[in-house]
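Structural description and commentary
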Amino acid sequence: MTSDALIEQYYEFAMEGGETLVPFVERVVAGDYGPPDRPAILYFLDRIEAIILGNIEARFDEGPGLEADPDAVAEDTRRTVDAARTVVLKALPSV
């Protein structure tokens, strides 16, 4: 399992109506996508956080006047990614 494979799986999960990042990560650590690899999952989370935050910045730069506060949206994203990291760290403690 690589972070690239996880990103592909996450996008498929999201396209199928997957709720959020946390349920996806719960499925990953449960082995639904193959044997869980703690470093790969944590790297995936780092990468997906950067992608999402970049998308937020681009969206608000392109669409001034959007009602949401970009800082609040970014903070919500960080909280979600942190919750997903917690799932990984609890389910797959370091050896």
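Look up a bit, the structure's there.
Let me begin by describing the structure that accompanies this report. Note that the structure is predicted; figures quoted are calculated from it, not measured. (Residues numbered from 1 in each chain as written. Predicted model: local features only at pLDDT ≥ 70, side-chain atom pairs only at ≥ 80, totals over all residues. Heavy atoms only, no water.)

**A few points about the overall build of the protein chain**
Formally: Where helices and strands are cited, they refer to DSSP runs of H or I of at least four residues and of E of at least two residues respectively, numbered from the N terminus. Burial here depends on accessible area, computed with a 1.4 Å probe over protein chains only, as a share of the maximum for the residue type. Under 20% is buried, over 50% is exposed, and the range in between is partly exposed. Between two residues, a contact is recorded if the distance between any of their heavy atoms is within 4.5 Å. Each accessible area is a Shrake-Rupley estimate made with a 1.4 Å probe; only the visible protein chains count as cover when residues are assessed.
When its secondary structure is counted, the protein chain shows 4 helices and 0 strands. Starting at the N terminus, the α and β elements of the protein chain follow one another as α-α-α-α. Principal-axis analysis of the C-alpha atoms gives the protein chain an extent of 45 × 25 × 20 Å. Here the protein chain, with 95 residues, has 31% of them falling under the buried criterion. When contacts within the protein chain are restricted to residue pairs at least 6 apart in sequence, those whose partners lie at least 24 apart make up 66%. When the accessible surface of the protein chain is summed, it comes to about 6,000 Å², and 51% of that surface belongs to carbon and sulfur atoms.

**With respect to the side chain of Arg85**
The line we're drawing: In protein, a polar contact means a hydrogen-donor-capable atom and an acceptor-capable atom, both N or O and within 3.5 Å, with residues adjacent in sequence counting only if both atoms are side-chain atoms; elsewhere, any N or O pair within 3.5 Å suffices.
Relative to the assigned elements, Arg85 resides in helix α4 (residues 70-91). Here Arg85 falls in the buried class, since its relative accessible area comes to 17%. Here the side chain of Arg85 touches Glu49 through a polar contact of 2.9 Å, side chain to side chain.

**Overview of the nonpolar core**
The line we're drawing: Remark: nonpolar core denotes a set of buried residues (Ala, Val, Leu, Ile, Met, Phe, Trp, Tyr, Cys) joined through side-chain atoms within 4.5 Å.
In this structure, Leu21, Phe24, Val25, Ile41, Phe44 and Leu45 are the most contacted members of the largest nonpolar core, which totals 19 residues. It is helix α2 (residues 21-29) that contributes the most residues to this core, 6 residues altogether. Ignoring anything within four residues of it in the chain, the contact list for Ile41 reads Met1, Leu6, Val28, Val29, Pro36, Val88 and Leu92.

**Structural notes on the pattern of salt bridges**
In a structure, side chains of opposite charge can pair up when their charged atoms sit close to one another. To keep it simple, the criterion reads: Within this document, salt bridges are pairs made up of a side-chain nitrogen of Lys or Arg and a carboxyl oxygen of Asp or Glu, the two lying within 4 Å of each other.
Inspection of every chain in the model, using the stated rule, returns 7 salt bridges. Between Asp46 and Arg85 there is a salt bridge; the shortest N-O distance is 2.9 Å. Here Asp46 is found in helix α3 (residues 38-62), whereas its partner Arg85 is found in helix α4, with 39 residues between them in sequence. On the basis of relative accessibility, which here comes to 40%, the residue Asp46 falls in the partly exposed class.

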